[in-house]
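If you want the building blocks of each chain, they are given just below.
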Amino acid sequence: MDRVISIVGHTALDYIVNVEKIAGKNESSPVTDYEEYPGGGAANIAVAIARLGGKSQLISPVGMDFESSGYEKLLTEARVDLSRLYRLEDQKISKAFIFTDREDNQATYFYWGASSKFKDLEPEPVDFVHLATADSVYNAKIAQIAGFVSFDPGQDLVTYSKENLELILAHTDILFANRHEIKRVSEITGKSFSELKSTINIIVVTYDAEGSRIYTGEEELVIPVIPVRAVDPTGAGDAYRAGFLLALTRGYSLSTCGKIGSTVASFAVQTRGCQTGLPTWEEMETRYEANFGKLEKEC
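Predicted, not measured: the structure shown is a model, and the values here were computed from it.

A. Structural view of helix α9 (residues 281-292). An ideal rise of 1.5 Å per residue puts 16 Å on 12 residues; α9 measures up with 15 Å between its terminal C-alpha atoms. All of the buried residues along α9 are W281, M284, R287 and Y288. In a view along the axis of α9, the buried residues occupy a sector of 130°, so they form one face of it. The outward face of α9, more than 90 degrees from its buried face, is lined by the exposed residues E282, T286 and A290. Within two residues after α9, G293 carries a phi angle of roughly 95°, on the positive side.

Following this line, the structure appears as structure tokens:
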């Protein structure tokens with residue numbers, strides 16, 4: 001039986017906008033296309049885990065327009081556990097405005113909405129939790145009462161105080177970051193990457209088209225990307241984390257977890273939107289074996 005994976009973070013509507021270039025200060029740039037999609041890092045991961053056949057629980061504040069927007073129906077149909085949502089009738093659902101240029105550079109503006117109340121909420125204990133982009137105060141609270149903690153500060157890292165970041169890291173079993181964020185973690189904490197590795201069991205760093213690397217003490221595992229025709233890079237990181245975490249709870253080796261994460265991410269980038277092209281476990285397994293060989297657990 002699968003372990004329940006609780007996901008803390010944003011439930012948001014994503015407005016994905018294609019532009020000629022990312023505009024600078026006092027500049028404008030032509031919009032070539034745009035779409036509205038369900039998103040929010042936590043919701044994306046929860047949906048991806050459920051789509052893979054795992055058990056995901058979403059812990060997130062949502063606003064008065066959660067039901068009317070159709071988002072509640074989508075998550076319910078995806079079989080995501082919504083019993084731990086904070087339903088705030090005086091707030092609007094969070095919204096992300098994501099601008100992507102022709103070279104896949106991105107600029108994001110985020111309306112916190114209901115998520116702005118995270119810091120005022122009190123969490124309940126959970127078994128296995130992934131802290132996605134969210135409020136640092138709430139993440140610090142729940143990190144201290146969770147059995148197993150996976151942490152990905154993401155773009156919200158700029159909002160973290162040194163105190164809250166260090167508190168969360170002290171309880172973190174897995175740290176996810178891209179190559180820019182891991183440098184920022186070192187700058188905020190004053191700890192070198194070697195020092196971070198000595199205190200956190202598993203660190204996963206993503207390197208865009210160069211794949212990802214998994215660090216455990218002195219070990220470094222290199223995980224390649226699966227080459228596909230990418231349409232939209234938004235949500236690739238969330239899909240990777242979903243595949244990795246579900247595989248980990250199912251007892252696969254870290255190398256296999258990384259490759260499963262890479263495989264799930266390869267589906268996510270093939271369609272626009274963070275939740276539209278996600279695979280089932282069987283679909284993931286077929287692509288995994290075509291690229292990495294038979295999917296097996298280590299004895």
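B. A look at the packing of helix α7 (residues 236-249) against helix α8 (residues 254-268). It is the contact of α7 with α8, at a shortest axis distance of 7 Å, that shows an interaxial angle of 145°. Read as a crossing pair, α7 and α8 show a hand that is right-handed. In this structure, α7 uses A236, A239, Y240, G243, F244, A247 and L248 to contact α8, whose residues at the interface are L254, C257, G258, I260, G261, S262, V264, A265 and A268. Of the residues assigned to the contact of α7 with α8, the class counts are 12 nonpolar, 4 polar and no charged.

C. Local environment of the UniProt feature "domain: Carbohydrate kinase PfkB" (unreviewed entry) in the protein chain. Mapped onto the present numbering, the UniProt feature "domain: Carbohydrate kinase PfkB" (unreviewed entry) falls on residues 5-280. Its end C-alpha atoms 17 Å apart, residues 5-280 is made of 30% helix and 27% strand.

D. Main features of the sheet that holds strand β2 (residues 12-19). What the 4 strands build is an open sheet, ordered β3-β2-β7-β8; its pairing is mixed. Bordering the open sheet on either side are β3 (31-39) and β8 (106-111), each of which pairs with just one other strand. Ignoring strand direction, the axes of neighbouring strands in this sheet form an average angle of 15°. In this sheet, strand β7 (residues 94-100) lies alongside β2 in parallel orientation, the contact comprising 7 bridges. Within the sheet, the bridge partner assigned to I16 lies in β7 and is I98.

E. Molecular detail of the packing of α8 against α9. Here α8 crosses α9 at 110°, and the two axes come no closer than 9 Å. Here α8 is positioned roughly perpendicular relative to α9, judged by the angle of their axes. Where α8 crosses over α9, the handedness of that crossing is right-handed. Together, T256, K259, I260, T263, V264, S266 and F267 of α8 and W281, E283, M284, R287, Y288 and F292 of α9 make up the contact between the two elements. Taken together, the residues that form the contact of α8 with α9 break down as 7 nonpolar, 3 polar and 3 charged.

About the thresholds
All residue numbers refer to positions counted from 1 along the written sequence of the respective chain. Per-residue local features of the predicted model are confined to residues with pLDDT of at least 70, and side-chain atom pairs are confined, for both listing and counting, to 80 or more; whole-chain, interface and lining totals are unaffected and use all residues. Side-chain metrics rest on all non-hydrogen atoms present in the structure, leaving aside hydrogens and water. Numbering goes from the N terminus for both helices and strands, where a helix is a DSSP run of H or I of at least four residues and a strand is a run of E of at least two. To estimate how far a helix should extend, the number of its residues minus one is multiplied by 1.5 Å. Relative accessibility under 20% of the residue-type maximum defines a buried residue, over 50% an exposed one, and the middle range a partly exposed one, all with a 1.4 Å probe and only protein chains included. Each C-beta atom gives one direction from the helix axis, and the arc is the one those directions make. Inter-axis angles, ranging from 0 to 180 degrees, are taken between N-to-C directions of lines fitted to C-alpha atoms, where helices are fitted over the stretch in contact. If you view the pair so one helix is near and one far, a crossing is left-handed when the near helix is turned anticlockwise from the far one by less than a right angle, and right-handed when it is turned clockwise. Here, two residues are considered to be in contact whenever any of their heavy atoms come within 4.5 Å of each other. Residues are grouped as follows: Ala, Val, Leu, Ile, Met, Phe, Trp, Tyr, Cys and Pro are nonpolar; Asp, Glu, Lys and Arg are charged; all remaining types, including Gly, are polar. UniProt positions are given in the numbering used here, feature names are shortened, and annotations may be inferred rather than shown by experiment. One bridge is not enough; two strands pair if DSSP finds at least two bridges between them. Just so you know how the angles are binned, under 35 degrees is roughly parallel, over 145 roughly antiparallel, 65 to 115 roughly perpendicular, and the rest oblique.

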